[in-house]
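What the coordinates show
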Amino acid sequence: MSSLALINEFLGQPPNASSHGYQIDHILEFCHWFMGALFVGWSAFFIYVLIRFRKRRQPGADFLGVRSGISTHLEFSVVLIEAVLLLGFAIPLWARRVNQFPPGREALLVHVVAQQFSFNYHLPGPDGQFGRRDISFESNSNPLGLDPNDPAGKDDIVTTGELHVPVNRPVVAELSSKDVIHDYFLPSMRIAGDAIPGSLIPIWFTPIKTGTNEVICGQLCGLGHYGMKGTLVVDTQQDYEAWLKERAELAGGAQSAPSPSPGAAQPQNKPAASPTPGG
Ligand SMILES: [Cu+2]
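**Considering the coordination of the copper ion**
On the protein side, the copper ion has His182 (ND1), Cys217 (SG), Cys221 (SG) and Met228 (SD) as donor atoms, found 2.1 to 2.5 Å from it. Around the copper ion sit four donor atoms, and with donor-metal-donor angles ranging over 91 to 124° the site reads as tetrahedral. Within one chain, the residues donating to the copper ion are spaced in sequence as H-x34-C-x3-C-x6-M. One end of the pair, histidine 182, is in strand S6 (residues 182–186); the other, cysteine 221, is in the loop between strand S9 (211–217) and strand S10 (229–235), and 39 residues separate them in sequence.

Right, dumping it as structure tokens:
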């Protein structure tokens, strides 16, 4: 990391842990330095004007105002730089995030269901099929309302608060909510998405570092919002399989460890724009 990049760290950004995060970091770095330069420039100009046009030196008002074109040029340069940032970097980066989802077989698909004030996770288990969920089955022991009569749901894994994912494999998280609007925010993965009741909103990222990452709710969602945190643990493939096995045993479902082969799971819904292969 160059010393110029330290500005992100200085402003409290956790180190990046996802494959696309460096692109966001570069934009943030540039914006922070650019805004820093504007702040210093405009502050210096403001102080200069206060002194230069103080009442003692300039008792009468000047009704003609500025006669040089410098302020127009300055303003225009700022607009130009901002347009380049937006059209050249921010919008293309965002478009890749929402259009180029990894092909279903390659990615790990997980349903994230937010509620006041925690995040629940629903994984399909060894059969790769998500069991049906219905609000009428919801209880304290069945927070997602998994249908006990649906065979596809027998081996499903439901956890609250902590999710494990394997390193270097894309993760597609489909976000929804049981109550109000939340926001599933993974600062170290440089990704966030709103969790809205009645909607399924997919986001995706590829973790590139093992370790524990913070998950926070990014929308003020009620009195307990401040405590709506969780953890995303990025494991080696081996540790991930061990975790899956442990969760499956806790759920009392599968006898064998769930299949580690990349994604038997297929996304059940596609983002509005169709994913481009090879993205
Ligand atoms: Cu929330």
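**A few points about the pairing of S10**
Counted residue by residue, S10 has five buried out of seven residues, so it is predominantly covered. In the sheet, strand S4 (residues 162–166) pairs with S10 via five bridges, with the strands oriented parallel. Across the sheet, valine 165 pairs through a bridge with valine 234, a residue of S10. Strand direction decides the pairing type here: S9 and S10, joined by six bridges, are antiparallel. Considered in S10, the bridge of valine 215 is made with glycine 230.

**Observations concerning the nonpolar core**
Core analysis: the biggest nonpolar cluster contains 31 residues, and Phe119, Tyr121, Leu163, Tyr184, Leu186, Met189 and Leu232 have the highest contact counts within it. Leave out the neighbours within four places in its chain, and phenylalanine 119 touches Val112, Val113, Ala114, Thr159, Thr160, Gly161, Asp183, Tyr184, Val215, Ile216, Cys217 and Met228.

Reading the values: rules and limits
Residues numbered from 1 in each chain as written. Predicted model: local features only at pLDDT ≥ 70, side-chain atom pairs only at ≥ 80, totals over all residues. Heavy atoms only, no water. Donors = N, O, S within 2.8 Å, 3.2 Å for Na, K, Ca; no water. Tetrahedral: all angles 85-135°; square planar, octahedral: opposite > 155°, others 65-115°. Helix = DSSP H or I, 4+ residues; strand = E, 2+ residues; numbered from the N terminus. Buried < 20%, exposed > 50% of the residue type's maximum accessible area, 1.4 Å probe, protein only. Pairing = 2+ DSSP bridges. Core = buried A, V, L, I, M, F, W, Y, C linked by side-chain atoms within 4.5 Å. Contact = heavy atoms within 4.5 Å.

Treat this as a map of the structure, not an account of what it does.
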